[in-house]
Amino acid sequence: MVNTHYGDLHVLKNVNYRLDQGEIVCLLGGNASGKTTTMKTIMGIVRPTSGSVIYEGEAIEGLATVERVKRGIAPVLEARRLFPRMTVFENLEMGAYTRKKGAEFDQDLDRVYSLFPRVKERRDQVSGTLSGGEQQMVAIGRALMARPRLICMDEPSMGLSPLYVEQTFDIIQEINRQGVSIFMVEQNAAMALLIANRAYVLQTGQVILSGSAAELRENETVREAYLGEMQGGH
Amino acid sequence: MTPFDLLLQQLINGLSLGAMYALLALGFTIVYGILELINFSHFNVFMVGSFIAMGVLHLFGIEGQSVLLHGLPLVGVLLVVLVVTMIACGFLGVIIERFALRPLRGVKGPMAMITTIGVSYILSNVVLLTQGANEKNYPNPIPHWSFYIGGINGARITVFQILIWVISTLLMGGLFWFVQRSRLGKAMRATAQDPDAALMMGVEVNRVIMTAFFMGSALAGAAGLIFSLYYNFTSFGIGFSAGLRAFTAAVLGGIGNIPGAMVGGIIIGLIESLAGQYIAVKWADVIIFSILVLVLICRPAGLFGRLAPTKS
Amino acid sequence: METTTTSPDSTPDPTILDNTPGHENVNALHTVQVATSRWTRLTAPFERPRVQYAVITVVAILALIFPILSGDQANIDAAANATAYATLALGLNIVVGFAGLLDLGYAAFFAIGAYSFGILTSWQITPDWGVFWQPFAYLGLVQKVVQNGHAIVHFTVSFWIMLPVSAFIAAFFGVLFGAPTLRLRGDYLAIVTLGFGEIVPIVARNWTGLTNGAAGLNGIAGAQIGSYHFGINATPYYYVGLGLIAFLIFVSTRLRDGRIGRAWMAIRDDEIAASAMGIHLVRFKLLAFGIGAGFAGMSGTFYVAKLQTATPDMFGFPVSVMILVMVVLGGLGSIWGVVLGAILLQLLQTWFLGSLTQWIDALGTAIGSDYISSLDLTQASELIFGIILVAMMLYRREGLIPAARRQRALTTEQQHASVQRRAASDVRLSQISGERYAHAPGAVPMLEINDVTVRFGGLVALNKINITVPAGSVVAVIGPNGSGKSTLFNTITGLTRAAEGSILFNGAEILGLQPHEILKAGVARTFQNLRLFPTMTVLDNILVGQHARLRSGPIGTVFWGPSNLKEEKVARSWVLEIAEIFGNRLVPRLNHTVEGLSYANRRRVEISRALASRPRILLLDEPTAGMDTSESLELAEQIKGLNALGLTILIIEHKLDVVTRIASKVIVLDHGEKLTEGLPDEVRRNEAVLTAYLGRGAAARA
């Protein structure tokens, strides 16, 4: 579904990704490897110097971010990035910014509230005062309010306690079962590979490995770089 | 007048001036909140507003302070003048943003601020060249009715002062409603709090910024009209001192903070009229700036502002 | 390696850099030597190409013979005024161009200098005569004058004495105004300076006893040499003005190219990094403010002596803006540029606008438009300022003469040079070794972090952290993103305040110290997201790292005592020595601005910058981020080499192969808590670590 290919950009060098309908695809890599730039390129914040981004059979690399959001691509940003002085409800409203308010909005709101009952409890609280885990729920809820077909997530596990990390990944799987494709940048490789269908390993702007999550879990290079040394005794 | 009446009188005058400064300060604060830009062109959008309003008043055949209107015609004329001035100034602001500032967006350092100083100079000198350097007697159709508090020797409230309060309360209330409740207003707040995240929600940032300039400049136009009706004159040079005080008001209240700008404006207005009464008019600016410096030393983010946490 | 004394003339052609594949190991040392000597000119500070000298000479000669060529008093008068504005532009350039502090009330200092001189030479203040004044009369500073049988004092301080004195008075007020405001964010500073710029003319207008109010000071004595009074003759003032410009250009250039100028530009580029590199922010901002104000004080004296009057209107906001326009037109930070900008604008006003008005009026008459034929553009010089400001900002932000030094492009050979890998044993640094880094076994730990807690609002970023870094060790901190690692570094280096706890460096408390004090004590760091000074060259970036170890003050820098010159030379050779740790990756690029470097090379510059401060402990925040496996391992070797010299290292690192290779102890952070610590092997097997790092599934699998 998404086939990205950039020219000799500073950060990304001739990178190709592919994501099929209904998949969870994970992008692994260290800090400064080009993960966030990838996200920004998909969302249209950064324009590739060459190459194309194809979404549902259509080249979108020239489209503004608004148009991409309207076509069903929604982000969950690194470190949540809620609007700190707006209420939880207003943050959810911002997620649906490109859509008209109406019955669909209420449906989506119900869906978010049923996925995250906590979010409903806190709907009138200013979001800057929420805990990290609660903020992550709002961030995912905010993405869902755009009624997306593809969600791009930048390090959803970052800064969360293990309990919340597990919950977050469960929710991601749940959302995926509801038919939303997920493109996810993660550092928590083991967790990510457990729920992903396929994954890419990015290093200094180049894809050095790609394959099914199961393959990559067994791959020596990945193990060495991200898991292996940790499981050295294994 | 008794000393108490005198104080009351100065409070009334200060509130009127303060309302005007608050309208002007809001324009600084809205733009700053979103772009972190001190917009010096705002000074002279205010001045241009005063001239536009004068032109419209002339179209209605109002010259000097001798043609007075009453009742519905008065309200109608003032309304038309206010709306035309605000719209014209709004567009002036949008034009400035589009052609002078947008190309500089994302450029680090004081570049954009320096540009606004340049635009400010261009505005005031275009008016100077076309309208001349003389102070203009301002057309004012508002009758000189007043109310007295505590008898004919007590403090006086003019009809015009009441009008100022009504107009500024309505405008500020409208702005507050817009920013808090409307879709575009929420987008403005979101952009101010986190521009990148807002962009990714599908907010058209250019539209938000243009709206901010339009609204800020429209309020400056309203302030320009009020200023000139209050003092019965206008000139190409009125932008600087009024603008500087309004800007001080915005900083005092915590720049970027909308209620802060309103309160800051009122405070500056009160200081100006009280200092004028009890100290000396000529020292008013010195007092205003001294208070500004003191406030900033004690609370670097202003009375209601918050400092962004520094990241490293 | 001998690198400092070779004369530039003997440098071999750069193309002989030996990079034949296969030879690199054999020739590694040799190659570096060649490359080094090619760049020895770096170690001779302040060299300028000959062309530049030629241009300067021609300009100087033209300026000197101008009054003879022109002969028209009006033109000479305009030129003399232009010199005054050029000196003002040079002063504002120090504040705005070098230090990046936007001062919108600069004319206030111009006014202070002007009134200082005016009051001390006019009849404005005439106290009664008394014995007290006798010594001053003896020195020629005052005269006893008898008016209507009443003896009074008339101040007659010489222009030549007042030039430096006004500079000091204005500098004093610069520091006075600056002190409370320089802590403010840039935009607030702009508005406060604008406020001061308004207050000073108001005071001048209203304190009539001192200034004669709006009417202005009259009867100010001009300058005189011996018995020759300049009077209203513009020509001698013109030459004095030229002399002032020459002097201030000299001062500006020396300041820019030395320790102080580097500190200012570092502050302008990135305050946080500047402070972490040992620059005392408040002190150096005040210094810029004071020196800039001093320049203005001098020009005020000069200008008023020439005009022989001073009124409050001469120093208002429009004047501040005009000086700003001059600086922007010429180029922020460009010394020759701002002089050119000032002269152009001044001449534009006096000559060009008059002619333009005549042309336009003629045009109006020709096309029969009364309106156009009656336009007077000389009134609207500000219109031209406005247009210049906007046009320059939109189309040529760097000004007429950009400040940025041109970079020499790398030769094809250099671009394609194969990289010299250097092993740990190749790392040698003359200033990091020996006694300073010798550690007795069992001595106090280099760094001892006790119960440190950091909160951001309600969030606990670090919770009662305890870490000990023994002297001479390499300790690694690992943990998921967001676990508090960078916060830990920020707390150690004073960028983030801790709520409680203590941090002992060599047994002394450093918690609560300012970042620059912590660096000076011997703690240097790099940043995860790179905080280099983007407009500065690699060389200057690394030189900034030495800031705290250099002594040169403003006087020494300007007049180049032998010790200052030597210090600068040694500093530059130290940069070379450090850059050579990374083989030929940095050395050929020392004169490039860091913006153009690859990500990995920028990381190397940051490490070099930290090393330049001769730290006792080096804090590296993900030094290998953005590097591929071989580059990471190469860096690991280099870090190992540094450690072998005795340098203690605390490193945040995600790549565990790097960690295992260099660390003697690993600390695992998670959610701001220390999960565990131990040898790399122990940590890898720790259950809790597996869960934190790898999550539930992986832990189950392991």
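Each chain has its residues counted from 1, following the order in which its sequence is written. Here the convention is simple: chains get letters from A, ligands get numbers from 1, in the order in which they are written. Given that the model is predicted, a residue must reach a pLDDT of at least 70 before its local features are reported, and side-chain atom pairs must reach 80 or more before they are shown or counted; all residues, however, enter totals for whole chains, interfaces and linings. For side-chain calculations, the full set of non-hydrogen atoms in the structure is used, while hydrogens and water are omitted.

(A) Structural view of the overall build of chain B. Across its full length, chain B carries eleven helices and four strands. Throughout, radius of gyration means the C-alpha value; the globule benchmark is 2.2 Å times the number of residues raised to the power 0.38. The C-alpha radius of gyration computed for chain B amounts to 20 Å, which stays within 12% of the reference 20 Å derived for 312 residues, consistent with globular compactness. Per-residue accessibility, obtained with a 1.4 Å probe over protein chains only, is compared with the maximum for each type, and a residue is labelled buried under 20%, exposed over 50%, and partly exposed between these values. Here chain B holds 312 residues, and the buried ones make up 59% of them. Of all intrachain contacts in chain B linking residues separated by at least 6 positions in sequence, the fraction that spans at least 24 positions is 78%. Counting only carbon and sulfur atoms, one obtains 69% of the accessible surface of chain B, whose full area is about 12100 Å². Asp and Glu are treated as the negative residues and Lys and Arg as the positive ones, with His and the ends of the chain left uncounted. Where a charge lies is defined by one atom per residue type: Lys uses NZ, Arg uses CZ, Asp uses CG and Glu uses CD. Distance between charge centres in chain B, computed from 16 positive and 10 negative side chains, equals 7 Å. Elements are defined by DSSP. Helices are runs of H or I of four residues or more, strands are runs of E of two residues or more, and each kind is numbered from the N terminus. Contacts: residue pairs with any heavy atoms within 4.5 Å of one another. Using a 1.4 Å probe, the Shrake-Rupley method yields the accessible areas, and only the shown protein chains count as cover for residues.

(B) Local environment of the side chain of S334(C). All names here are of chain C. Relative to the elements of secondary structure, S334 occurs in the loop between α13 (317-330) and α14 (335-367). A residue is classified by how much of its surface remains accessible, and S334, at 4% relative accessible area, is buried. In terms of polar contacts, S334 uses its side chain to reach the backbone amide nitrogen of G337, at 3.0 Å. Setting aside residues up to four positions removed in sequence, S334 forms contacts with N93, I401, P402 and A403. Between N or O atoms, a polar contact is any pair within 3.5 Å; within protein, one atom must be a potential hydrogen donor and the other a potential acceptor, and residues adjacent in sequence are included only when both atoms are from side chains.

(C) Spatial organisation of the sheet that holds strand β6 (residues 150-154) of chain A. Residues and elements named next belong to chain A. Being paired, for any two strands, means DSSP has found at least two bridges between them. Pairing is mixed in the open sheet, where six strands are placed in the order β5-β6-β7-β2-β8-β9. Looking along the sheet, the strands with just one partner apiece sit at the ends: β5 (73-76) and β9 (206-212). Averaged over neighbouring strand pairs, the angle between their axes works out to 15 degrees when direction is ignored. Sheet topology note: the β6/strand β7 (residues 181-186) ladder contains five bridges and is parallel. Where helices are involved, their axes are fitted lines through C-alpha atoms of the stretch in contact, as for all axes, and angles between N-to-C directions lie from 0 to 180°.

(D) Local environment of the interface of chain A and chain B. Every contact between the two is made by 19 residues of chain A and, on the other side, 19 residues of chain B. The three residues of chain A that bury the most area against chain B are F83(A), R85(A) and Y97(A), which together make up 35% of that side's buried surface. Only one rule defines a salt bridge in this text: a Lys or Arg side-chain nitrogen within 4 Å of an Asp or Glu carboxyl oxygen. The interface formed by chain A and chain B includes four salt bridges. We note a salt bridge from D196(B) to R81(A), for which the minimum N-O separation is 3.7 Å. Connecting chain A to chain B are five residue pairs in polar contact (both at pLDDT 80 or more). For the side of chain A that touches chain B, the secondary structure elements donating two or more residues are α2 (65-70) and α3 (88-95) of chain A. In terms of residue count, the dominant contributor to the side of chain A that touches chain B is α3(A) (four residues). Buried area: the accessible area, evaluated with a 1.4 Å probe, that two parts lose upon being put together, summed over both parts.

(E) Quick peek at the pairing of strand β7 (residues 474-478) of chain C. Residue and element names in this part refer to chain C. Of all five residues that make up β7, five are buried, and the element is covered over most of its length. Of the two faces of β7, the one lined by V474, A476 and I478 and the one lined by V475 and V477 are each fully buried. Pairing of β7 with strand β12 (residues 648-652), which is carried by four bridges, proceeds in the parallel orientation. Note on β12: the bridge partner recorded for V475 is L650.

(F) Fine view of the packing of aromatic side chains. Each Phe, Tyr or Trp ring (for Trp, its six-membered ring) is paired with any other whose centre lies within 6.5 Å, and the angle between the two planes then decides the class: stacked below 30 degrees, edge-to-face above 60, tilted in between. For the structure on display, the rule yields 38 aromatic pairs over all chains. Between F240(B) and F317(C) the ring centres are 4.6 Å apart and the planes differ by 20 degrees, which places this aromatic pair in the stacked class. In this pair, F240(B) sits in helix α9 (residues 238-253) while F317(C) sits in helix α13, so the two residues belong to two different chains. Judged by relative accessible area, which is 9%, F317(C) ranks as buried. Judged by centre distance (5.6 Å) and plane angle (80 degrees), the ring pair of F172(C) and F173(C) falls under edge-to-face. F173(C) sits in the partly exposed class, given a relative accessible area of 28%. Taken together, the ring pairs connect Y106(C), F109(C), F172(C), F173(C), F177(C), F196(C) and F289(C) into an aromatic cluster. We call a charge positioned over a ring when the NZ of a Lys or the CZ of an Arg lies within 6 Å of the ring centre and within 35 degrees of the ring normal. Against the face of Y97(A) rests R183(B), its NZ or CZ located 4.0 Å from the ring centre.

(G) Expanded view of the sheet that holds β12(C). Residues and elements named next belong to chain C. The strand order across the open sheet built from six strands is β10-β11-β12-β7-β13-β14, with neighbouring strands paired in mixed fashion. The sheet terminates laterally at β10 (523-525) and β14 (673-678), the two strands that pair on one side only. The sheet shows a mean angle of 20 degrees between the axes of neighbouring strands, taken without regard to direction. Across three bridges, the pairing between β10 and strand β11 (residues 617-621) is parallel. Bridge pairing in β11 places V523 opposite I617. Docked against the sheet, helix α18 (residues 485-492) engages β7, β10, β11, β12 and β13 (665-670), running at close to 145 degrees with respect to β12. Where helix α24 (residues 629-644) meets the sheet, its contacts fall on β7, β11 and β12, and the angle it forms with β12 comes to roughly 150 degrees.

(H) Examining the packing of helix α5 (residues 159-181) of chain B against helix α10 (residues 258-278) of chain B more closely. All names here are of chain B. Following both chains from N to C, one finds α5 and α10 inclined at 165 degrees, their axes separated by 11 Å at the closest point. Classified by the interaxial angle, the pair formed by α5 and α10 is roughly antiparallel. Crossing handedness for the pair α5 and α10: left-handed. Every residue of α10 that contacts α5 at M172, L175, F176 and V179 is listed here: I258, P259 and M262. Basically, the charged four are Asp, Glu, Lys and Arg, the nonpolar ten are Ala, Val, Leu, Ile, Met, Phe, Trp, Tyr, Cys and Pro, and anything else, Gly included, counts as polar. By residue class, the composition of the contact of α5 with α10 is seven nonpolar, no polar and no charged. Should an angle fall under 35 degrees it is called roughly parallel, over 145 degrees roughly antiparallel, and 65 to 115 degrees roughly perpendicular, with every other angle called oblique. Crossing handedness is defined as follows: a turn of the near helix away from the far one that is anticlockwise and smaller than a right angle gives a left-handed crossing, while the clockwise case is right-handed.

(I) Main features of the confidence of the model for chain B. pLDDT gives the predictor's per-residue confidence on a scale running from 0 to 100. Here chain B averages 89 in pLDDT, and 98% of its residues register 70 or above. Under a pLDDT of 50 for its full length, residues 308-312 of chain B has, in the predicted model, nine contacts with residues more than four places off or in other chains.

(J) Structural detail: the environment of W160(C). All names here are of chain C. Inspection of the secondary structure assignment puts W160 in helix α6 (residues 159-181). With relative accessibility at 36%, the residue W160 sits in the partly exposed group. A polar side-chain atom of W160 sits 2.8 Å from the main-chain carbonyl oxygen of Q224.

(K) Looking closely at the domain arrangement of chain C. All names here are of chain C. Examined at the domain level, chain C breaks down into domain 1 (50-121 + 157-395), domain 2 (122-156) and domain 3 (439-522 + 615-702). What counts as a domain boundary in this text is fixed by an automatic or database domain assignment. Each of domain 1 and domain 2 was reduced to a C-alpha centroid, and the two centroids are 33 Å apart. Listed as interface residues are 16 residues of domain 1 and, on the opposing side, eight residues of domain 2. Of the roughly 800 Å² buried at the junction of domain 1 and domain 2 (both faces included), carbon and sulfur atoms supply 57%. Counting the contacts that link domain 1 with domain 2 gives zero salt bridges. Our enumeration of links across domain 1 and domain 2 arrives at five residue pairs in polar contact (both at pLDDT 80 or more). Its residues assigned to classes, the side of domain 1 that touches domain 2 shows seven nonpolar, nine polar and no charged.

(L) Quick peek at the interface of chain C and chain B. Listed by partner, the interface residues are 45 residues for chain C and 47 residues for chain B. Interface area for chain C against chain B, summed over the two sides, is near 4000 Å², with a carbon-plus-sulfur share of 77%. When the buried area of chain C at its contact with chain B is split by residue, D187(C), Y188(C) and I191(C) rank highest and sum to 15% of it. For the pair chain C and chain B, the number of links is zero salt bridges. For the interface between chain C and chain B, the tally reads two residue pairs in polar contact (both at pLDDT 80 or more). Listed by contribution, the elements that provide at least two residues to the side of chain C that touches chain B are α7 (186-206), α13 and α16 (381-395) of chain C. The greatest single-element share of the side of chain C that touches chain B, amounting to 13 residues, is contributed by α7(C). When grouped by side-chain class, the residues that make up the side of chain C that touches chain B number 33 nonpolar, five polar and seven charged.

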